[in-house]
Amino acid sequence: MQSPFLFHPQSGCHLKFDGTHLTATLYVEPFNDVQQIVVRHEPDNEQAYVPMFQIKETLLGRLQVWQARFPINEDRDVTHYVFKVQTRTAQYWLDARGVSKRIPAKEYHFKFNARHRPAPWVQSQVFYQVFPDRFCNGNPKIGVESGEYSIKDGTIPTIKSDWGDAIENNDSMSVQFFNGDIVGIHSKLDYLQDLGVTTLYLNPVFSSLSNHKYDTTDYFNVDPHIGNNEELAELCQEVHRRGMRIVLDAVFNHTSAEHPWFDKSGKGECGAYHNLDSKYREYYFFDGQSQNYEAWNGVQNLPVLNFEHPEVRDYIYDSDSAVIKHWLRPPYSIDGWRFDVIHMLGEGKGAYHNAHYVQAFRSATKQENQEALVLGEHFFEATSWLQGDQEDGAMNYYGFAHPVRAFFVNQDIAYDPISLTSGEFQQWLLEAKAKLPWHNQLAQLNQLDSHDTARFITLLKGNEDKMRQAALFLMAYIGVPCLYYGTEVGLEGENDPDNRRCFPWERVESSQWVPFFKQMLALRHQYKALQSGDLLFFESRDEQIAFARCYGEERLLAVFNTGDKTGEIRVPVWQLGIEKGVAKSVLSHQKTRIEKGELVLSLTSRGCDLLKL
């Protein structure tokens, strides 16, 4: 027998939590010979089976509705559970990926975190990532001048370039400045809000010698070449006045080698690099009394901090005046932190006790603002950090950016060739999300590209149809969408540093992409199902993909034809409880009839659509 259709929604009223128990709903395709349906969970680390009961008077189309109530775990924050359907001769299990014929590995069980969940506001946002030096120059008087200073042990002088000049792809890539600033960002809030952006995520703004500012020299002051603390406070206040949010980049794994604690150039008297008696010597990891030290990824300009030292802990997160807490307070009141390379920080090479320190970062953040976002940067899988007690969400490279690039571009994250069928693509996405508690799935930050990857439109070699497909996928998929600045005007760029070109403001009025992305962002805001709804993939065939997002009575269907020919897509919408009716495209407004639980529509080559059912 083919596996029956089973579906467990986790949004809205389908999974109720009363403080001690969960009431779970399961939709079941009717089939013969069912002996029992149970929920399997693990109170006290021992399995238990709770019988489910069919709600006789309730049907969703042809689907039966089953429910069970069971206690959450008392021994840990995350409760794992899975569904088992038993017949006389076979059994079928439903985990967070789908149906199988044997008990699934625990990592794929449904997960509910009763204590630690991201603030609800996160789900409804559209983020916009700004690389400050390249976004907008609002105050030319404060910018870096050519030759003003040198970095990398004083060997490379700064370069001031005219806005829009080519990016230098050599040793000067960190010292080429275009002098975007805080005032420039402030001046473009009308534009961003009109685009549909609701949360700004700024790459580092604190004092630093480089253009990217991941080499901090002062955690309590905005870099004077991009503004000052008062201007950042004014930006934050105006963002909040508009009902928007702002998240800042936190670089706490390492400092600049020119931070006063380290002082590699020897400008002061107390720096750890030249002074064996420095009080800051143990803030870092030196090899005995030598000048050899642990640096992030071997980059000598970025010495790694030692969180085993109590004064480092106090300074960054533990004391009342700690950096993490400072910027969460007025007059800034930022709405969260994006923690750079959070998986690497700890007690030296190997990131010893990393989980402890990430939990401490979370605790410090939540003490100041329980609704603040704790967002981690992980270029690869981040599952262990996303069980609720460490991070709310991560930059979702593994669960979104990697598979999307592999499928639409045929490149992996290392730019090597890869080819996935639509089914393999679907499987990757489902496995990645299944490993996380439901609310953390909704808080994952999804991007097509970022300051660390080539621009997606460039990877696609300018293919506009594929770009539209990828953009719709970004807006419709589970998690929070984030645009990297300039995507909405088709800004190109190869890998770092070319992906950090200046924003071409002259393109805004004429770009075909601006109205397209305004439409995409508006759809995301219009439909609760796209923000917080359950995800249901239909069987992917050939080069076609279809999935639904559902919240209560609101049901949206995203469909994609990635092939080179027009294709017919047949979607069994009876799996959503719909047997007949009309589906209407929210893009073209065309209508398609639903008959006998099936929707049949034709999509052009590289076509896509979003339909309201």
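Please read these numbers as outputs of a predicted model, since none were measured by experiment. (Residues numbered from 1 in each chain as written. Predicted model: local features only at pLDDT ≥ 70, side-chain atom pairs only at ≥ 80, totals over all residues. Heavy atoms only, no water.)

1. Regarding the domain arrangement of the protein chain
So, point 1. Partitioning the protein chain into domains gives domain 1 (6–113), domain 2 (124–180 + 192–210 + 242–255 + 303–530), domain 3 (256–302) and domain 4 (532–612).
So, point 2. In this assembly, 11 residues from domain 1 lie in contact with 14 residues from domain 4.
So, point 3. Where domain 1 abuts domain 4, roughly 920 Å² becomes buried across the two surfaces, and 58% of that area is made up of carbon and sulfur atoms.
So, point 4. Among the residues domain 1 hides against domain 4, the three largest losses belong to Phe-7, Ser-11 and Arg-62. Together they make up 55% of the total.
So, point 5. Here domain 1 and domain 4 share 1 salt bridge between them.
So, point 6. Viewed at the interface, domain 4 and domain 1 are joined by 4 residue pairs in polar contact (both at pLDDT 80 or more).
So, point 7. Considering only residue class, the side of domain 1 that touches domain 4 consists of 4 nonpolar, 5 polar and 2 charged. (Domains from an automatic or database assignment. Contact = heavy atoms within 4.5 Å. Buried area = accessible area lost by both parts, 1.4 Å probe. Salt bridge = Lys/Arg side-chain N within 4 Å of Asp/Glu carboxyl O. Polar contact = N/O pair within 3.5 Å; in protein donor to acceptor, adjacent residues only side chain to side chain. Nonpolar A, V, L, I, M, F, W, Y, C, P; charged D, E, K, R; others polar.)

2. Re the sheet that holds strand E28 (residues 554–561)
So, point 1. Judged by pairing direction, the sheet is antiparallel, and its 8 strands sit side by side in the order E26-E27-E28-E33-E30-E31-E32-E29 without closing on themselves. Of all the strands in the sheet, just strand E26 (534–537) and strand E29 (567–571) have a single pairing partner and so form its edges. Within this sheet the neighbouring strands show an average axis-to-axis angle of 25 degrees, counted without direction.
So, point 2. Bridging between E28 and strand E33 (residues 607–612) involves 6 bridges; their strand directions are antiparallel. Note on E33: the bridge partner recorded for Phe-560 is Cys-608.
So, point 3. Those strands touched by helix H11 (residues 464–476) are strand E27 (544–551), E28 and E33, and its axis lies near 30 degrees from that of E33. (Pairing = 2+ DSSP bridges. Helix = DSSP H or I, 4+ residues; strand = E, 2+ residues; numbered from the N terminus. Axes fitted to C-alpha atoms, helices over the stretch in contact; angles between N-to-C directions.)

3. Quick word on the pattern of salt bridges
So, point 1. Within the structure shown, the criterion is met by 39 salt bridges.
So, point 2. Arg-338 is the salt-bridge partner of Asp-249, the closest N and O atoms lying 2.9 Å from each other. Note that Asp-249 is positioned in strand E20 (residues 245–250) and Arg-338 in strand E21 (residues 336–339), a separation of 89 residues in sequence. Each member of the pair Asp-249 and Arg-338 is classed as buried.
So, point 3. In this structure, Arg-329 engages Asp-320 in a salt bridge whose closest nitrogen and oxygen atoms are separated by 3.0 Å.
So, point 4. Arg-329 gets classed as partly exposed once you look at its relative accessible area, which sits at 22%.
So, point 5. Through salt bridges with shared partners, one network takes in Arg-40, Glu-42, Asp-75, Arg-76 and Lys-106. (Buried < 20%, exposed > 50% of the residue type's maximum accessible area, 1.4 Å probe, protein only.)

4. Observations concerning the packing of H11 against helix H12 (residues 513–526)
So, point 1. At a minimum axis distance of 9 Å, the contact between H11 and H12 shows a crossing angle of 25 degrees. Compared by their axis directions, H11 and H12 come out roughly parallel. For the pair H11 and H12, the crossing hand works out as right-handed. Note on element contacts: H12 touches H11 through Trp-513, Phe-516, Phe-517, Met-520, Leu-521 and Arg-524, opposite Glu-464, Met-467, Arg-468, Ala-471, Leu-472, Leu-474, Met-475 and Ala-476.
So, point 2. Looking at the contact of H11 with H12, its residues break down into 11 nonpolar, no polar and 3 charged. (Parallel < 35°, antiparallel > 145°, perpendicular 65-115°, else oblique. Left-handed = near helix turned anticlockwise from the far one by under 90°.)

5. Regarding the sheet that holds strand E17 (residues 199–202)
So, point 1. Spatial ordering of the open sheet is given by E23-E22-E21-E20-E17-E12-E25-E24, a layout of 8 strands whose pairing is parallel. Of all strands in the sheet, those bounded by a partner on one side alone are strand E23 (393–394) and strand E24 (445–446).
So, point 2. Alignment of E20 against E21, held across 3 bridges, turns out to be parallel. Opposite Ala-250, over in E21, you have Phe-339 as the bridge partner.

6. Some remarks on the UniProt feature "site: Transition state stabilizer" (unreviewed entry) in the protein chain
So, point 1. Under the local residue numbering, the UniProt record ascribes the feature "site: Transition state stabilizer" (unreviewed entry) to Asp-452.
So, point 2. Relative to the helices and strands, Asp-452 resides in the loop between E24 and helix H10 (456–459).
So, point 3. Look at Asp-452 and you get partly exposed, because its relative accessible area is 25%.
So, point 4. Residues within four places of Asp-452 in sequence aside, it is in contact with Glu-377, Phe-379, Tyr-397, Asn-495, Asn-499 and Arg-500. (UniProt positions renumbered as here; feature names shortened; annotations may be inferred.)

7. Comments concerning the packing of aromatic side chains
So, point 1. This model, assessed by the stated rule, comprises 60 aromatic pairs.
So, point 2. With a centroid separation of 6.3 Å and 65 degrees between ring planes, the pair formed by Tyr-219 and Tyr-315 is classed as edge-to-face. With a gap of 96 residues between them, Tyr-219 in strand E19 (residues 216–222) and Tyr-315 in helix H4 (residues 310–318) connect regions that are remote in the sequence.
So, point 3. Given a relative accessible area of 1%, Tyr-219 falls into the buried group.
So, point 4. Here Arg-455 stacks its cationic end above the ring of Tyr-485, 4.8 Å away from the centre of that ring.
So, point 5. Over the ring of Phe-516 we find Arg-468; its NZ or CZ atom is 6.0 Å from the centre of that ring. (Phe/Tyr/Trp six-rings, centres within 6.5 Å; stacked < 30°, edge-to-face > 60°. Lys NZ or Arg CZ within 6 Å of the ring centre and 35° of its normal.)

8. What about the side chain of His-309?
So, point 1. By secondary structure assignment, the location of His-309 is in the loop between E20 and H4.
So, point 2. Those residues in contact with His-309, other than ones at most four positions away along the chain, are Glu-282 and Tyr-283.

9. Observations concerning the state of the cysteines
So, point 1. Applying the stated criterion across every chain yields a total of 0 disulfides.
So, point 2. Not engaged in a disulfide, the cysteine Cys-136 finds its nearest cysteine sulfur in Cys-502; these two sulfurs lie 10 Å apart.
So, point 3. Relative accessible area serves as the criterion here: at 9%, Cys-136 is assigned to the buried category.
So, point 4. Distance from the sulfur of Cys-236, which forms no disulfide, to the nearest cysteine sulfur (Cys-482) is 17 Å. (Disulfide = S-S within 2.5 Å.)

10. Digging into the pairing of strand E22 (residues 373–376)
So, point 1. Along E22, one buried face is formed by Leu-373 and Leu-375 and the opposite face, lined by Val-374 and Gly-376, is buried too.
So, point 2. Of the strand pairs in this sheet, E21 and E22 are connected by 4 bridges, and their pairing is parallel. Directly across from Gly-336, in E22, lies its bridge partner Leu-373.
So, point 3. Of the crossover connections in this fold, the one passing from E21 over helix H6 (residues 354–368) to the parallel E22 is right-handed. (Right-handed = clockwise from strand over helix to strand, strands pointing away.)

11. Topic: unusual backbone geometry
So, point 1. Of note, the amide linkage connecting Pro-330 to Pro-331 takes the cis form, showing an omega dihedral of 10 degrees.
So, point 2. Along the chain, Pro-331 turns up in the loop between helix H5 (323–326) and E21.
So, point 3. Non-glycine residue Tyr-415 carries a positive phi angle of around 70 degrees.
So, point 4. Along the chain, Tyr-415 falls in the loop between helix H7 (397–409) and helix H8 (422–434).
So, point 5. One non-glycine residue with positive phi stands out, namely Lys-596, at about 50 degrees.
So, point 6. Checked against the element boundaries, Lys-596 lands in the loop between strand E31 (591–595) and strand E32 (598–603).
So, point 7. Residue classification places Lys-596 among the exposed positions, given a relative accessible area of 76%.

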